[in-house]
Amino acid sequence: MINLANYTAGKQVKHPTGYAYFMPTNINDQWVWDNPQINSLLEKAANDLVSAFVAAGILKEMTGKNRNRLFVFNEYVKLF
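Just so it is clear, the model here is predicted, and its values are computed rather than measured.

Novice: Just to check I follow, could you spell out the overall build of the chain for this structure?
Specialist: On a plain count of helices and strands, the chain comes out with two helices and six strands. Along the chain, helices (α) and strands (β) appear in the sequence β-β-β-β-α-β-β-α when read from the amino end. Against the globule reference of 12 Å for 80 residues, the chain gives a C-alpha radius of gyration of 19 Å, more extended than a compact globule. For the C-alpha atoms alone, the extent of the chain along its principal axes is close to 60 × 35 × 20 Å. Burial analysis of the chain (80 residues in total) assigns 4% to the buried set. When contacts within the chain are restricted to residue pairs at least 6 apart in sequence, those whose partners lie at least 24 apart make up 24%. Summed over its atoms, the accessible surface of the chain is roughly 7100 Å², and 57% of this surface lies on carbon and sulfur atoms. Here the chain contributes 8 positively and 6 negatively charged side chains, and the mean placements of these two sets differ by 4 Å.

Quick look at the structure:
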């Protein structure tokens, strides 16, 4: 589990040859946080991203509802 309060993006590593590089932290894990504002920010970011994909024609809303909406990625569906 990754605690957002203690998270670091990675670290600088110096190779024995003298070359320095950035080694990112593994992020494929469950994230946890205590600040409820983060939930609001994530919700807004997800909704904004979906809205942008709909506006660009990448996603199409299928239910006609305001809540519990379902979207389809037409270009992907066309492949099958």
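Back to the text.
Novice: Is there a simple way to explain a nonpolar patch on the surface in this structure?
Specialist: A cluster of nonpolar residues, Leu 49, Phe 53, Ile 58, Phe 73, Tyr 76, Val 77, Leu 79 and Phe 80, forms a patch on the protein surface that exposes about 840 Å² of accessible area. Taken together, the elements giving at least two residues each to the nonpolar patch come down to helix 1 (36–55) and helix 2 (74–78). Secondary-structure assignment places Leu 79 in the segment after helix 2. Residue classification places Leu 79 among the exposed positions, given a relative accessible area of 63%.

Novice: How should the pairing of strand 2 (residues 10–14) be read in this particular structure?
Specialist: Sheet faces and side chains relate simply in a regular strand, where the side chains alternate between the two faces. Counting buried positions along strand 2 gives zero out of five residues, so the element sits mostly on the surface. Relative to strand 3 (residues 20–24), strand 2 runs antiparallel, the two being bridged by five bridges. Bridging across to strand 3, Val 13 finds its partner in Tyr 21. Turn length for the strand 2-strand 3 hairpin, with the two strands adjacent in sequence and antiparallel, is five residues, and the turn residue Gly 18 shows positive phi of about 105°.

Conventions we followed
Residues numbered from 1 in each chain as written. Predicted model: local features only at pLDDT ≥ 70, side-chain atom pairs only at ≥ 80, totals over all residues. Heavy atoms only, no water. Helix = DSSP H or I, 4+ residues; strand = E, 2+ residues; numbered from the N terminus. Rg over C-alpha atoms; globule rule 2.2 N^0.38 Å. Buried < 20%, exposed > 50% of the residue type's maximum accessible area, 1.4 Å probe, protein only. Contact = heavy atoms within 4.5 Å. Areas by Shrake-Rupley, 256 points an atom, 1.4 Å probe, with all protein chains shown as cover. Lys, Arg positive; Asp, Glu negative; His and termini not counted. Charge placed at Lys NZ, Arg CZ, Asp CG, Glu CD. Patch = residues over 30% accessible without salt bridge, like charges linked within 9 Å, V, L, I, M, F, W, Y side chains within 5 Å. Salt bridge = Lys/Arg side-chain N within 4 Å of Asp/Glu carboxyl O. Pairing = 2+ DSSP bridges.

Geometric values such as these leave the question of function open.
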